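Listed here are the chains, written in short residue letters.
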Amino acid sequence: MTMAAEDASALLLDTFVELADTLASGYEVGDLLQFLVDRCSELLLADTAGVLLETPGGDLPMLAAATPQDMLDIEDLEIGLGQGPCLEAYRTGEAVLVEDLGKCPERWPEFTPRIVDLGMRSAYAFPLLLRGDRIGALNLYRTRAHAFAPHVVRLGQALPDIAAVGILQ
């Protein structure tokens with residue numbers, strides 16, 4: 001699954017224009033987050049994507065958006081077990097990049113074997129941050145072990161950062 005460089009560039013530009021537009025006009029946060037997971041899944045070639053947000057009381061988690069629907073099962077599992085890449089990204093404020101979940105079962109001992117059984121092989125999670133304030137995290141999975149290139153990791157963090165600005169506005 002690859003995207004031609006020209007198509008990816010056009011999609012990326014459209015994404016930034018649409019995200020910037022959320023700062024200038026009325027929008028629904030749920031729509032913004034669904035746009036974020038859909039577009040990140042497409043741009044970053046993820047098989048699943050989801051966003052967890054803090055609840056109004058300041059506790060994570062609350063699944064705010066997901067694509068496709070089976071991401072709900074993955075996020076419910078992570079929330080129920082209290083461990084996984086999305087929760088770690090939220091708690092630490094740092095990106096979590098796991099190229100091969102099968103090679104690190106001890107990192108999240110209850111979560112990892114179950115997510116591998118669901119067919120996921122690599123995981124990437126990025127905190128939603130604004131000036132150091134964490135409000136949630138974006139979680140991406142691939143069904144094959146794979147590393148993101150450094151420029152893709154930067155993009156993976158840039159999109160949630162822009163979304164965080166939109167949410168907090």
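Residues numbered from 1 in each chain as written. Predicted model: local features only at pLDDT ≥ 70, side-chain atom pairs only at ≥ 80, totals over all residues. Heavy atoms only, no water.

## Focus on unusual backbone geometry
Line of reasoning, step 1. Of note, the phi angle at Leu-45 is positive, near 55°, even though the residue is not glycine.
Line of reasoning, step 2. Relative to the elements of secondary structure, Leu-45 occurs in the loop between helix H2 (29-43) and strand E1 (48-53). (Helix = DSSP H or I, 4+ residues; strand = E, 2+ residues; numbered from the N terminus.)

## Let's talk about the sheet that holds strand E2 (residues 63-67)
Two pairing modes exist for strands in a sheet, parallel and antiparallel, and in both the strands are linked by backbone hydrogen bonds.
Line of reasoning, step 1. Ordered in space as E2-E1-E5-E4-E3, the five strands form an open sheet in which the pairing is antiparallel. Because the sheet does not close on itself, it has two edges, and the strands there are E2 and strand E3 (96-98). Each adjacent strand pair in this sheet contributes to an overall mean axis angle of 15°, direction not counted.
Line of reasoning, step 2. As judged from the six bridges shared by E1 and strand E5 (residues 133-142), these two strands associate in the antiparallel manner. Within the sheet, the bridge partner assigned to Thr-48 lies in E5 and is Tyr-141.
Line of reasoning, step 3. Against the sheet, H2 contacts E1, E2, strand E4 (122-130) and E5, and its axis sits at roughly 35° relative to E2.
Line of reasoning, step 4. Sheet contacts for helix H3 (residues 71-81): E1, E2 and E5; angle to E1, the most-contacted strand, approximately 45°. (Pairing = 2+ DSSP bridges. Axes fitted to C-alpha atoms, helices over the stretch in contact; angles between N-to-C directions. Contact = heavy atoms within 4.5 Å.)

## A look at the nonpolar core
Line of reasoning, step 1. Within the largest apolar cluster, 26 residues are counted, with the highest numbers of intra-cluster contacts made by Leu-33, Leu-44, Val-51, Leu-128, Leu-138 and Leu-140.
Line of reasoning, step 2. Contributions of two or more residues to this core are made by H2, E1, E4, E5 and helix H6 (150-168).
Line of reasoning, step 3. In terms of residue count, H6 provides more of this core than any other element does, seven residues in total.
Line of reasoning, step 4. Leaving out residues up to four positions away in the same chain, Leu-138 has contacts with Val-37, Cys-40, Gly-50, Val-51, Cys-86, Tyr-124, Ala-125, Phe-126, Leu-128, Gly-156 and Pro-160.
Line of reasoning, step 5. In this structure, Tyr-90, Cys-104, Phe-111 and Tyr-141 belong to the second largest nonpolar core, which totals 21 residues. (Core = buried A, V, L, I, M, F, W, Y, C linked by side-chain atoms within 4.5 Å. Buried < 20%, exposed > 50% of the residue type's maximum accessible area, 1.4 Å probe, protein only.)

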